[in-house]
Protein chains: 4
Amino acid sequence: MTGKLKIGIIGAGRIGRLHTENISRMVPSVEIVAVSDVNMTEDIRVWATELGIPLISKDSMDIINNPEITAVIICSSTATHADLIMAAAKTGKHVFCEKPIDLSVIKGLEAIRVAKKHHVKLQLGFNRRFDHNFQQVRDLAESGKVGNIHLVKITSRDPAPPSPAYVAVSGGIFLDMMIHDFDMARFQAGSEIKEVYATGAVLVDPEIGKAGDIDTAIVTLKFANGALGVIDNSRQAVYGYDQRVEVFGSKGSAQAENDTATSVKLSTVEGVSSDKPLYFFLQRYKDAYIREITSFADAILNDTEVQVSGEDGFEDMIAALAAGKSLKENRPVTIDEMKKELGV
Amino acid sequence: MTGKLKIGIIGAGRIGRLHTENISRMVPSVEIVAVSDVNMTEDIRVWATELGIPLISKDSMDIINNPEITAVIICSSTATHADLIMAAAKTGKHVFCEKPIDLSVIKGLEAIRVAKKHHVKLQLGFNRRFDHNFQQVRDLAESGKVGNIHLVKITSRDPAPPSPAYVAVSGGIFLDMMIHDFDMARFQAGSEIKEVYATGAVLVDPEIGKAGDIDTAIVTLKFANGALGVIDNSRQAVYGYDQRVEVFGSKGSAQAENDTATSVKLSTVEGVSSDKPLYFFLQRYKDAYIREITSFADAILNDTEVQVSGEDGFEDMIAALAAGKSLKENRPVTIDEMKKELGV
Amino acid sequence: MTGKLKIGIIGAGRIGRLHTENISRMVPSVEIVAVSDVNMTEDIRVWATELGIPLISKDSMDIINNPEITAVIICSSTATHADLIMAAAKTGKHVFCEKPIDLSVIKGLEAIRVAKKHHVKLQLGFNRRFDHNFQQVRDLAESGKVGNIHLVKITSRDPAPPSPAYVAVSGGIFLDMMIHDFDMARFQAGSEIKEVYATGAVLVDPEIGKAGDIDTAIVTLKFANGALGVIDNSRQAVYGYDQRVEVFGSKGSAQAENDTATSVKLSTVEGVSSDKPLYFFLQRYKDAYIREITSFADAILNDTEVQVSGEDGFEDMIAALAAGKSLKENRPVTIDEMKKELGV
Amino acid sequence: MTGKLKIGIIGAGRIGRLHTENISRMVPSVEIVAVSDVNMTEDIRVWATELGIPLISKDSMDIINNPEITAVIICSSTATHADLIMAAAKTGKHVFCEKPIDLSVIKGLEAIRVAKKHHVKLQLGFNRRFDHNFQQVRDLAESGKVGNIHLVKITSRDPAPPSPAYVAVSGGIFLDMMIHDFDMARFQAGSEIKEVYATGAVLVDPEIGKAGDIDTAIVTLKFANGALGVIDNSRQAVYGYDQRVEVFGSKGSAQAENDTATSVKLSTVEGVSSDKPLYFFLQRYKDAYIREITSFADAILNDTEVQVSGEDGFEDMIAALAAGKSLKENRPVTIDEMKKELGV
């Protein structure tokens, strides 16, 4: 068992449990030695015990201060992210942190700096970069198969809207949902976003509008390398989780379509029918969640760069904030202007 | 032969000949009795004679003043469109006119009014509305299969860029190329465009930039019915004519993919390969060109509304002009503002 | 108008009219100067007159004996095929004859010999060889892209069964329907069939069984070049005309899927649906019918080999007869055995 | 940990290790408490120890005689299958046995009877029944969506041929490879095979011919319910593991295509390319292997019928033997004749 990376999980909600179970089953290089949750329940205790996790605690500091632990995976509520990153970094622990880096972009930036200063790795949980389809698009683009990139197009639609209560505290569609797509856009373009222009509407559920948000949006992007981009979001695609990417360039186009549960096609007198896209992120990004953790572990074990850095998370957040400003003021907003306004 | 609609063709360039041959072969309800071209050549004479067209002239007025002719198809240069529409309307002839309605939106509007005053039908040559795929998308949307429309997405890319010389006199990408997509957007949304925001870049050919135009563009649309839209254009998709449409709504999504020459798929050790999209508009819209003329003839013969009116052509042109202004000023421009500025 | 190939049409039923109209519209190298039908009706006269055909007759000999006519297209009933081929050949006319070459294989063979003796071209109406998809499969195979051919698989299913009355006089599924597939198999394999084994059943309509035929069949083939083949037929695929071909070899596989009316895909909560295959042969093989006549005209005008010879029609017929024998005796039957039995 | 099914693995070769690792990771209802292999190596010991398996032995009887073990998974060489099934059954252990049930059909039948007599469950390792695509086809057929079944078509091609040395001891293509397809055919048809006719050829590798086998085959099937079937096999599809199924009936057709690693499509000037099928059975049937063991465990835990019985394995074997006889004698062979000849 020597050589395994000893990891602690902070936050045992849905995503924390997902990472824990993925690691137990599918990431042989990692051993989970601790799990904490501020709302520790008997359920969590039983679940963690059955997985053979020795240290189970209400207090994340029990993990952070444990000298036998090499890295932490932060799955707690967003407001705690930056503080936990900094606390872990100060004890020399590498950090995998769920997105976004924090509610406060200022604190997020501080966390990035602290992680750097203490020479620990910091990876953000932008799982979609590890999706087999989107990686293949990126690989094709990087290998030069599409030539110089001219356009990046992202479709990203959820199967069902969140509750208006959730929407009210979500930070809005750009920070809550489209932030994944800003990250994907930067990943695929291989370039930073320079300017955004956002349009939006309440078309799915008027309650979302009452909660002060929109549920449908199209955002245009200008990249530093001259390419253009566009993202469309909807809180409700009734046919399932619609996650597509196209990268178009001087030599061609690479397009990722949705995945389906089966390849079966039924032909009848009514027509030809086939499977809907996989229902939601747990299905579609099942393997991506495993790959992102494996990649994090590899970066630590081989001392290489993480594939989604804290700076990525920061840039994604600035883009989301700029989109919000753009929507509000109905004009294009540059990333520089947004950073200046935030003083970052 | 009684009952056939007698038509004259004004302008025997590429598109004029295309309509003429289509009608001869495939539109039994129409008889071409005259053709004119200001640059009448021996080639045109031979071609028209072989098709059995009795009246061949340099002067379009020979057609317009001919009392036996019921309708004209205007395929002459854009600068002549409005004048010819008005001349024909004054003699009571129905008019099919290639897009755009004129170089001058003011004159275009006047032509529409004259046609109305003289109770002649005026159809614009937005052939893509008659494409089998795009009609099917529209039919699905109209029948309620996608519910309320939330998003209209149009991809429209040419296989090869025009010469910089052409670009210099083309009116620019929005008036020359994207005008088709503005028309498609309005057609699919079932609603007027209210506001546009245009981004653009010179990524295909620097000579196009020197000619004062862009070759790559993404334009965001807001429709009067609340839906959002986006169009992307490129002057060069090296893999062929890329013409796709998606209409997304509360009940689902209808997507039209490209057509290909064959359905054959070759699987080898290198991978699985299949046909590129049909090369360009003559291939892709072959049947649409026939259908638009058939539809025009039917509208006359049955005295019904044409499927693409002069007003459509006018609105498309305003959208294109607004996009140009938006690109120049890097801000969203409303259709109302554009109309006010033009005094229309 | 000089240089046009002057052709007479013998038989103005569905397929005769189809060829006539195709030629009038789409085959500029050919001029139809005569049409005959033993059951000449006023309808046929009106139709032919409107197409401008000068000679309209009840008697095919008026065509065959007309020295101004270069070639004939025989679309009369099968029992007359061989006699008409021979009569036309004796006057030096080239012959395009609908499949099969005759009810009697002996007479068919005689017709082939007479055509040869009189140095006229004889093309059989196996239109599927001119299908864009199947030609592409053949082209890929011929160009070596699939390597040595190992397997040829053909799916061929009609959308609806014929009437039992038709079945009773059809010659049975192998001669009436699968003969097209035997021809396709030989075309794709680039080799003659050596042996067949037929299975069959009455699964679609018991009345077809009562009429002495089957409606569902799978036939295995051995080719002279060592490849294996399989054809499946059904008289009723409720979802439309199912016409697919696969050629598999040492370097890969080429597969032709069905054509559809549109490329549109509708995604809803119920699933993803798309178009059924084109309904039947008039839709699916629309262009193939034009191409086969164009090809015939080209062969005459350029004095080259026809693409489907009388011998092809003969070999196809032998295969069909061997399949019938195989089904009856439930054993594989060689082509040699079949020929010996027929004395050909 | 109470309630877990305690299982022993007999045979730690490739497939034994696959099942062991799958169970450790993905089948929480099962606990592996023992592993044996006649060729026990240090490698196997280390591997089993790391997985925490307490009992590691050279002798399968250490597993069979262990009263704490409820079920065994037999992954040893085929010649030992029936003996091990019987030994395990006599101690009351449920048995999952890799296919085929034995080299000797007589012994296989005896094993089935012994298992029955001792009231233990016996499941055969026909993993493809648990493939998501093929299960979906079966579900559609069972639910009546394709109506009465008329045709079952199976394509099954390996990516690369086995060594001639392997071929020589494999039992031949029908017992080694097509046996899976006979099982799939029976599964999809929902009916027993009544008669087979086999054609075959050596087209991939002459060495396979020298080893007394064929490498390419088409086998026609007649089912007890009147449906027809066809299976094609090749030892080498250079583009990957080609595993497709079609069930065609009175109401339509259900078709399973291959799975691919990604949904990405690259469009360039050369054409449109996409992924090949997944390379081989470990990739394609990854989840099916997990599902078949989960299904076996469920059958024991809930005392329900296994999904692939010993009788299934027996019938598949008879079909394979009949195909061999058919190929040799070039005539259709009934299952009854084959059973009579074998005295079973």
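A brief structural summary. (Residues numbered from 1 in each chain as written. Chains lettered and ligands numbered in written order. Predicted model: local features only at pLDDT ≥ 70, side-chain atom pairs only at ≥ 80, totals over all residues. Heavy atoms only, no water.)

**What to know about the overall build of chain A**
A tally of regular secondary structure across chain A gives 13 helices and 15 strands. For 344 residues, the compact-globule estimate of 2.2 N^0.38 gives 20 Å, and the C-alpha radius of gyration of chain A, at 20 Å, lies within 12% of that figure. The dimensions of chain A, computed from C-alpha atoms along their principal axes, are 55 × 55 × 45 Å. Evaluated residue by residue, chain A yields a buried proportion of 62% over its 344 residues. In chain A, 71% of the contacts between residues at least 6 apart in sequence involve partners at least 24 apart. Summed over its atoms, the accessible surface of chain A is roughly 12700 Å², and 52% of this surface lies on carbon and sulfur atoms. Here chain A holds 38 positive side-chain charges and 46 negative ones, and the gap between their average locations is 3 Å. (Helix = DSSP H or I, 4+ residues; strand = E, 2+ residues; numbered from the N terminus. Rg over C-alpha atoms; globule rule 2.2 N^0.38 Å. Buried < 20%, exposed > 50% of the residue type's maximum accessible area, 1.4 Å probe, protein only. Contact = heavy atoms within 4.5 Å. Areas by Shrake-Rupley, 256 points an atom, 1.4 Å probe, with all protein chains shown as cover. Lys, Arg positive; Asp, Glu negative; His and termini not counted. Charge placed at Lys NZ, Arg CZ, Asp CG, Glu CD.)

**As for the sheet that holds strand 3 (residues 55-57) of chain B**
All names here are of chain B. With parallel pairing, the six strands of this open sheet are ordered in space as 3-2-1-4-5-6. Every interior strand has two partners, whereas the edge strands, strand 3 and strand 6 (122-124), have only one. Along the sheet, successive strands turn relative to each other by an average axial angle of 20 degrees, direction set aside. In the sheet, strand 2 (residues 30-36) pairs with strand 3 via three bridges, with the strands oriented parallel. For A34, the partnering residue across the bridge sits in strand 3 and is L55. (Pairing = 2+ DSSP bridges. Axes fitted to C-alpha atoms, helices over the stretch in contact; angles between N-to-C directions.)

**Brief notes about the relation of the copies chain B and chain A**
It takes a turn of 180 degrees to lay chain B on chain A, together with a shift of 0.0 Å along the axis; the resulting RMSD is 0.0 Å. The superposition operator between the copies reduces to a two-fold rotation axis. Among all C-alpha atoms of chain B, that of B:R331 lies closest to the rotation axis, at 2.8 Å. Both copies contact each other with a shared surface, as 100% of the interface residues of chain B are interface residues in chain A too. (Least-squares fit on C-alpha atoms with pLDDT ≥ 70 in both.)

**Comments concerning the packing of aromatic side chains**
One pair of aromatic rings is described through two measures. These are the centre distance and the angle between the planes. This model, assessed by the stated rule, comprises 30 aromatic pairs over all chains. Between the aromatic rings of B:F280 and B:F281, the centroid separation amounts to 4.8 Å while the plane-to-plane angle is 75 degrees, which identifies the pairing as edge-to-face. A connected cluster of aromatic rings, assembled from ring pairs, spans A:F134, A:Y241, A:Y279, A:F280, A:F281 and A:Y285. Over the aromatic face of B:F248 sits the side chain of A:R157, whose NZ or CZ is 4.3 Å from the ring centroid. In this structure, A:R284 packs its charged tip against the face of A:F134, placed 4.8 Å from the ring centre. (Phe/Tyr/Trp six-rings, centres within 6.5 Å; stacked < 30°, edge-to-face > 60°. Lys NZ or Arg CZ within 6 Å of the ring centre and 35° of its normal.)

**A short note on the relation of the copies chain B and chain C**
Aligned on chain C, chain B shows an RMSD of 0.1 Å; the corresponding rotation is 180 degrees and the shift along the axis is 0.0 Å. Mapped onto chain C, 97% of the interface residues of chain B are again interface residues, and the two copies thus contact each other with one and the same surface.

**Regarding the interface of chain B and chain C**
Across the boundary between the two partners, chain B contributes 29 residues, which contact 29 residues of chain C. Approximately 2100 Å² of surface area, both sides summed, lies buried where chain B meets chain C, with 54% of it carried by carbon and sulfur atoms. Looking at the side of chain B facing chain C, the largest losses of area belong to B:R25, B:S263 and B:V264, adding up to 25% of the total buried there. Our enumeration of links across chain B and chain C arrives at zero salt bridges. Where chain B touches chain C, the interface holds nine residue pairs in polar contact (both at pLDDT 80 or more). (Buried area = accessible area lost by both parts, 1.4 Å probe. Salt bridge = Lys/Arg side-chain N within 4 Å of Asp/Glu carboxyl O. Polar contact = N/O pair within 3.5 Å; in protein donor to acceptor, adjacent residues only side chain to side chain.)

**With respect to the nonpolar core**
Ranked by internal contacts, the top residues of the largest apolar core, which has 107 residues, are D:L122, D:F174, D:F182 and D:L221. Here this core gets 11 residues from one element, more than from any other, and that element is helix 8 (residues 173-189) of chain D. Residues within four places of D:L122 in sequence aside, it is in contact with D:I85, D:V95, D:C97, D:I101, D:I112, D:A115, D:V306, D:V308, D:S309 and D:G310. Core analysis: the next-biggest nonpolar cluster, separate from the first, contains 106 residues, A:I15, A:V95, A:L140 and A:I335 among them. (Core = buried A, V, L, I, M, F, W, Y, C linked by side-chain atoms within 4.5 Å.)

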